[in-house]
Amino acid sequence: MQLSEALEQIDGMMELVSVLLLKQEPDALEQAISQLRDGMQAFAGLAQRYDAAQFTPENVARMQAMSERLGQMRGHIMKLLSITGQQLSVLLPEQTAMGTYGASNKLPGSAASVARMYHVSG
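A brief look at the structure comes next. (Residues numbered from 1 in each chain as written. Predicted model: local features only at pLDDT ≥ 70, side-chain atom pairs only at ≥ 80, totals over all residues. Heavy atoms only, no water.)

**Quick word on the overall build of the protein**
- When helices and strands are counted, the protein shows three helices and zero strands.
- The linear arrangement of helices and strands in the protein, starting from the amino end, is α-α-α.
- Per-residue burial for the protein yields a buried fraction of 20% across its 122 residues.
- In the protein, once contacts between residues fewer than 6 apart in sequence are set aside, the share between residues at least 24 apart is 63%.
- Carbon and sulfur atoms make up 57% of the accessible area of the protein, which amounts to about 9,600 Å² in all. (Helix = DSSP H or I, 4+ residues; strand = E, 2+ residues; numbered from the N terminus. Buried < 20%, exposed > 50% of the residue type's maximum accessible area, 1.4 Å probe, protein only. Contact = heavy atoms within 4.5 Å. Areas by Shrake-Rupley, 256 points an atom, 1.4 Å probe, with all protein chains shown as cover.)

Listed below in structure tokens is the structure:
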């Protein structure tokens, strides 16, 4: 496989991830990101075997553009992850051990948060 063919495959995977990011399809996006990651790992191993003649100025420029695009995609994915985490925390607030007895600034197990049992004589 030529370097330009390998770059074409990676570029296709990146395009798929970009499309799925816009469509907001989490399951398909997860698969596409895994496929892109695996493809990039395979490319990194393969790139060491290429002859220096294949690293033409066009291919080098293409790899630099792909690197910038990957950085932008990573930033976009991180923003989506942050937004999703915030939305999830609104829908499912974190449960605490002190929820039953009320909030306290003291640690669980301190005197203010321990339940008390009283015996009524009669």
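Structure's up, so let's keep going.
**Quick word on the layout of surface pockets**
- What the largest pocket holds in volume is close to 300 Å³.
- The set of elements that each furnish at least two residues to the lining of the largest pocket consists of helix 2 (26-47) and helix 3 (57-91).
- In terms of residue count, the dominant contributor to the lining of the largest pocket is helix 3 (six residues).
- Taken together, the residues that form the lining of the largest pocket break down as eight nonpolar, three polar and two charged. (1 Å grid on protein atoms, 1.4 Å probe; cavity = no way out; pocket = protein on both sides within 12 Å on 5 of 7 lines; lining within 4 Å. Points joined across faces, edges and corners; volume = space filled by probe spheres on them. Nonpolar A, V, L, I, M, F, W, Y, C, P; charged D, E, K, R; others polar.)

**Description of a nonpolar patch on the surface**
- Taken together, the side chains of Leu88, Leu91 and Leu92 make up a nonpolar region of the molecular surface, amounting to roughly 350 Å² of accessible area.
- Among the secondary structure elements, Leu91 is positioned in helix 3. (Patch = residues over 30% accessible without salt bridge, like charges linked within 9 Å, V, L, I, M, F, W, Y side chains within 5 Å. Salt bridge = Lys/Arg side-chain N within 4 Å of Asp/Glu carboxyl O.)

**Topic: the nonpolar core**
- Grouped together as the largest cluster of nonpolar side chains are 17 residues, with contacts concentrated most on Ile10, Met14, Val17, Leu36 and Phe43.
- With residues up to four places along the chain from it excluded, the contact list for Leu36 reads Ile10, Met13, Met14, Val17, Leu70 and Met73. (Core = buried A, V, L, I, M, F, W, Y, C linked by side-chain atoms within 4.5 Å.)

**Description of unusual backbone geometry**
- At Gln24, a position not held by glycine, the phi torsion is positive, near 55 degrees.
- With respect to the secondary-structure elements, Gln24 resides in the loop between helix 1 (3-23) and helix 2.

**Structural notes on helix 3**
- Compared with an ideal rise of 1.5 Å per residue, which puts 35 residues at 51 Å, helix 3 spans 51 Å between its outermost C-alpha atoms and is within 8% of the ideal.
- All of the buried residues in helix 3 are Asn59, Met66 and Met73.
- Elements in contact with the buried residues of helix 3: helix 1 and helix 2. (Expected span 1.5 Å × (residues − 1).)

**Concerning the packing of helix 2 against helix 3**
- The contact between helix 2 and helix 3 brings their axes to 14 Å, and the two run at 145 degrees. The two elements helix 2 and helix 3 meet at a crossing, and its hand is left-handed. Judged by residue contacts, Ile33, Leu36, Met40 and Phe43 of helix 2 engage Met63, Leu70, Met73 and Ile77 from helix 3.
- Split into classes, the residues belonging to the contact of helix 2 with helix 3 amount to eight nonpolar, no polar and no charged. (Axes fitted to C-alpha atoms, helices over the stretch in contact; angles between N-to-C directions. Left-handed = near helix turned anticlockwise from the far one by under 90°.)

**Comments concerning the pattern of salt bridges**
- Evaluated as defined, the whole model comprises four salt bridges.
- One salt bridge connects Arg62 with Glu8, and the closest N-O pair in it is separated by 2.7 Å. Here the residue Arg62 occupies a position in helix 3, and Glu8 occupies one in helix 1, the gap between them amounting to 54 residues.
- Accessibility expressed as a relative area gives 23% for Arg62, which makes it partly exposed.
- The partly exposed category is assigned to Glu8, whose relative accessible area is 48%.
- We note a salt bridge from Arg69 to Asp11, for which the minimum N-O separation is 3.1 Å. With Arg69 in helix 3 and Asp11 in helix 1, this residue pair connects regions lying 58 residues apart in the sequence.
- The exposure class of Arg69 is partly exposed, given its relative accessible area of 23%.
- Asp11 gets classed as partly exposed once you look at its relative accessible area, which sits at 24%.

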